[in-house]
Protein chains: 2
Amino acid sequence: MSQAGAIGVFDSGVGGLTILREIVSLLPNENTIYLGDTARVPYGAKPKSTIIQYTLEDARFLWEQKIKALVVACNTICCLAMSELRQAFDLPIIGIIAPASRAAVELTRNKRIGVIGTEGTINSGVYYQLIKQLDNEIEIFPKACPLLESIVEENLLEGEVAQGIVDMYLSGLIKKQIDTLILGCTHYPLLRQLISECMGPEVTLLDPAAAVARELKQKLIENSLLNDKAEGYRKFFFTGQPQKAEKFIRYLNIKIDHIEQVDLVLPGA
Amino acid sequence: MSQAGAIGVFDSGVGGLTILREIVSLLPNENTIYLGDTARVPYGAKPKSTIIQYTLEDARFLWEQKIKALVVACNTICCLAMSELRQAFDLPIIGIIAPASRAAVELTRNKRIGVIGTEGTINSGVYYQLIKQLDNEIEIFPKACPLLESIVEENLLEGEVAQGIVDMYLSGLIKKQIDTLILGCTHYPLLRQLISECMGPEVTLLDPAAAVARELKQKLIENSLLNDKAEGYRKFFFTGQPQKAEKFIRYLNIKIDHIEQVDLVLPGA
């Protein structure tokens, strides 16, 4: 692994691009390769065995590109397949849950934290356990919001209909008097405005992306892998048609050096 | 193939159960085996190559149960993988598009037909081509409604939020003065009330299920495969957790003789 090797970043779809944006902003010199499994999105409600299989296929694709570190830009994968990933691939792997949990524990004043995510993320209980380990006095209010991942993938990011869906899921959380809400799915920062509209100004919305980027930087420094050469390249691969994804990348103001559709499933498999 | 063999019915998820309901109602003596690929739903926006692969895996599972006929209870599959299915499996295969198109052409008075479906179904143009072949004077107004499949899979079948999503997709169709609207996705009959509310009483909503069941009966008669013995069994297999699906089956008042989760993907594939 060399300093010039790229950072691999992957997600079930386009949500992980919100993590990539922070990485690019904090570490502009790093080369990045993003993989979005848009042909098989959403992962959120799939069985654990399916998610593990898809995750290993996703990671193998990036591994073959000789990446020097891997960022798992999907909460569902982090909750359900992280140990399998670490067993299969010998390189620095950065997840979301630990940096996000630490950031939330630092942020909360009243020790009441909400977490929203997919069914897979919420039902795994991983956020709950990690935050409790950090501070057992904190009360945690988890809420699965299955459709939010789909509406972001469909680019339905504003308007009455999207607000209605967001309100449907979050109205129950308002009564819990949380002061911090973890956006526990990388798709949700794209709905930040609608979520903020629903939760009100007293609740801090925590997008874990910045904390993940900081953790990545730390890991690169520890492993002497930081790239201090010129501006890095930005390559993108998607298993589905890349048109929709390209819109998101432009919406997030990330440059595109290369974008391509790829097939992860072996013929006949 | 014997008369006692079952009818295999499959779909990307639970939507095909609306077709099964009509089959069971028209042909109560037939044994049925339903497969819902709920671990990989939705198919609607996936690339064609992925849909073909999944379809062949789904059908192979039913083929191994020694079925005597196969009903493809998913418009997306019918539009994108029908010829591959017919090449791979030598048994009577019944799709949706042909019976639905014929029924719509018989129904319309003003020769203006709307079609709603997934992106895969609508972009394939198969409904358009078939209806034009049947009557070239008919004007067809297709509209892809990608989120409707997801909201049905999430059991969001009524209320303001669901109505808002339906209205968002259909409001443009109202101006087209259609008198017939093909529900070109087996999930949509579960949203019939909301769709009817939006389109108004002048528009006839065509659920293809009854026409598909009639076509199946015709094919069984032609092949001397009709089962005239006692009431048939109802077996169900789902690739995801079957709890949600079980709710739909009960909602549709279909008896359950057997229900089980299955894994279609070979280990290591």
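Residues numbered from 1 in each chain as written. Chains lettered and ligands numbered in written order. Predicted model: local features only at pLDDT ≥ 70, side-chain atom pairs only at ≥ 80, totals over all residues.

1. Looking at the overall build of chain A
- Scanning chain A for helices and strands turns up 12 helices and 10 strands.
- Against the compact-globule benchmark of 18 Å for 269 residues, chain A has a radius of gyration of 18 Å, which places it among compact chains.
- Taken along the three principal axes of its C-alpha coordinates, chain A extends 50 × 40 × 35 Å.
- Counting all 269 residues of chain A, 49% fall into the buried class.
- In chain A, 77% of the contacts between residues at least 6 apart in sequence involve partners at least 24 apart. (Helix = DSSP H or I, 4+ residues; strand = E, 2+ residues; numbered from the N terminus. Rg over C-alpha atoms; globule rule 2.2 N^0.38 Å. Buried ≥ 20, exposed ≤ 12 C-beta atoms within 10 Å, placed from the backbone. Contact = placed C-beta atoms within 7 Å.)

2. Digging into the pairing of strand 3 (residues 69–72) of chain A
Residue and element names in this part refer to chain A.
- Where burial is concerned, the two faces of strand 3 agree: the one with Ala69 and Val71 and the one with Leu70 and Val72 are both buried.
- Of the pairings in the sheet, the one linking strand 3 to strand 4 (residues 93–94) comprises 2 bridges and is parallel in character. Pairing of Leu70 across the sheet is with Ile93, part of strand 4. (Pairing = 2+ DSSP bridges.)

3. Details of the confidence of the model for chain A
- Overall, the predicted model of chain A reaches an average pLDDT of 94, with 98% of residues at or above 70.
- Here the predicted complex scores 0.86 on pTM and 0.78 on ipTM. (pLDDT = per-residue confidence, 0-100.)

4. Some details on the sheet that holds strand 8 (residues 204–206) of chain A
Residues and elements named next belong to chain A.
- With respect to topology, 4 strands assemble into an open sheet ordered 6-5-7-8, the strand pairing being parallel. The open sheet has two edge strands, strand 6 (139–144) and strand 8, and neither has a second partner. The mean inter-strand angle of the sheet, taken between neighbouring strand axes irrespective of direction, is 20°.
- Here 3 bridges tie strand 7 (residues 180–183) to strand 8, and the two strands are oriented parallel to one another. Note on strand 8: the bridge partner recorded for Ile182 is Leu206. (Axes fitted to C-alpha atoms, helices over the stretch in contact; angles between N-to-C directions.)

5. Considering the relation of the copies chain A and chain B
- Relative to chain B, chain A is turned by 180° and slid 0.0 Å along the rotation axis, the superposed coordinates differing by an RMSD of 0.0 Å. Here the copies are linked by what is in effect a two-fold axis.
- Interface overlap between copies: 100% of the residues of chain A at the interface are likewise at the interface in chain B, consistent with a symmetric, same-surface contact. (Least-squares fit on C-alpha atoms with pLDDT ≥ 70 in both.)

6. A look at the interface of chain A and chain B
- On the side of chain B, 22 residues touch chain A, which itself brings 22 residues to the contact.
- Looking at the side of chain A that touches chain B element by element, the count peaks at 5 residues for helix 9 (residues 160–174) of chain A.
- For the side of chain A that touches chain B, the per-class residue count stands at 10 nonpolar, 7 polar and 5 charged. (Nonpolar A, V, L, I, M, F, W, Y, C, P; charged D, E, K, R; others polar.)

7. Brief notes about the packing of helix 9 of chain A against helix 10 (residues 192–199) of chain A
All names here are of chain A.
- As a packed pair, helix 9 and helix 10 sit with axes 9 Å apart at the nearest point and diverge in direction by 45°. Classified by the angle between their axes, helix 9 and helix 10 sit oblique to one another. For the crossing formed where helix 9 meets helix 10, the hand is right-handed. Along the contact surface, helix 9 presents Ala162, Gln163, Val166, Asp167, Leu170 and Ile174, while helix 10 presents Leu194, Ile195, Glu197, Cys198 and Met199. (Parallel < 35°, antiparallel > 145°, perpendicular 65-115°, else oblique. Left-handed = near helix turned anticlockwise from the far one by under 90°.)

8. Topic: unusual backbone geometry
- At the junction of Val41 of chain A and Pro42 of chain A, the peptide bond is cis and its omega measures out at -5° in the coordinates.
- Although it is not a glycine, Ser224 of chain A adopts a positive phi angle of roughly 50°.
- Looking at where Ser224 of chain A falls in the secondary structure, it is placed in the loop between helix 11 (209–222) and strand 9 (234–238).
- The backbone of Lys66 of chain B sits at a positive phi, close to 60°, despite the residue not being glycine.
- Within the secondary structure layout, Lys66 of chain B lies in the loop between helix 2 (48–63) and strand 3 (69–72).

9. Digging into the sheet that holds strand 10 (residues 258–261) of chain A
Residue and element names in this part refer to chain A.
- Here we have 6 strands laid out as an open sheet, ordered 4-3-1-2-9-10, and parallel in their pairing. Two strands close off the open sheet at either side, each with one partner strand: strand 4 and strand 10.
- Taken together, the 4 bridges between strand 1 (residues 7–11) and strand 3 define a ladder with parallel strand orientation. Pairing of Phe10 across the sheet is with Val72, part of strand 3.
- Across the sheet, helix 1 (residues 17–26) lies against strand 1, strand 2 (32–36) and strand 3, angled at about 175° from strand 2, the strand it touches most.

10. Considerations on helix 7 (residues 126–134) of chain A
All names here are of chain A.
- Those residues of helix 7 lying buried are Val126, Tyr127 and Ile131. Relative to the axis of helix 7, the buried residues are bounded by an arc of 120° and lie together on one face.
- The inward-facing, buried residues of helix 7 abut helix 3 (75–80), helix 5 (97–107), strand 5 (112–117), helix 6 (119–124), strand 6 and strand 7. (Arc of directions from axis to C-beta.)

11. Quick notes on the nonpolar core
- By size, the foremost hydrophobic cluster in this structure holds 164 residues, and its most contacted members are Val71 and Val72 of chain A together with Val71 and Val72 of chain B.
- With residues near it in sequence (within four places) discarded, Val72 of chain B still touches Phe10, Ile77, Cys78, Met82, Leu85, Ile93, Ile94, Gly95 and Ile96 of chain B. (Core = buried A, V, L, I, M, F, W, Y, C linked by C-beta atoms within 7 Å.)

12. Focus: the packing of helix 1 of chain A against helix 11 of chain A
Residues and elements named next belong to chain A.
- Axis separation between helix 1 and helix 11 bottoms out at 8 Å; the angle between their running directions is 50°. When the axis of helix 1 is compared with that of helix 11, the two are oblique. Both helix 1 and helix 11 take part in a crossing whose hand is right-handed. In this structure, helix 1 contributes Thr18, Ile19, Arg21, Glu22, Ile23 and Leu26 to the contact, and helix 11 contributes Ala209, Ala210, Val212, Ala213, Arg214, Leu216 and Lys217.
- Grouping the constituent residues of the contact of helix 1 with helix 11 by class yields 8 nonpolar, 1 polar and 4 charged.

13. As for the environment of Pro201 of chain A
All names here are of chain A.
- Inspection of the secondary structure puts Pro201 in the loop between helix 10 and strand 8.
- C-beta crowding within 10 Å serves as the criterion here: with 6 such atoms nearby, Pro201 is assigned to the exposed category.
- Distance in space between the C-alpha atoms of Pro201 and Val71 is 31 Å, their sequence separation being 130 residues.

14. Quick word on the environment of Glu137 of chain A
Residues and elements named next belong to chain A.
- On the secondary structure map, Glu137 appears in the loop between helix 7 and strand 6.
- On the basis of neighbour count, Glu137 is assigned to the exposed category, with 6 C-beta atoms found within 10 Å.
- Counting along the chain gives 105 residues from Glu137 to Pro242, while the straight-line C-alpha distance between them is 45 Å.

15. Some points on the domain arrangement of chain A
All names here are of chain A.
- According to the domain assignment, chain A consists of domain 1 (7–96 + 210–261) and domain 2 (97–208).
- Distance between the C-alpha centres of domain 1 and domain 2: 21 Å.
- Domain 1 puts 28 residues into the contact, and the matching count from domain 2 is 26 residues.
- Of all the secondary structure elements, the ones that give two or more residues to the side of domain 1 that touches domain 2 are helix 1, helix 3, helix 11 and helix 12 (243–251).
- With 5 residues, the top contributor of residues to the side of domain 1 that touches domain 2 is helix 3.
- Broken down by class, the residue content of the side of domain 1 that touches domain 2 amounts to 16 nonpolar, 8 polar and 4 charged. (Domains from an automatic or database assignment.)

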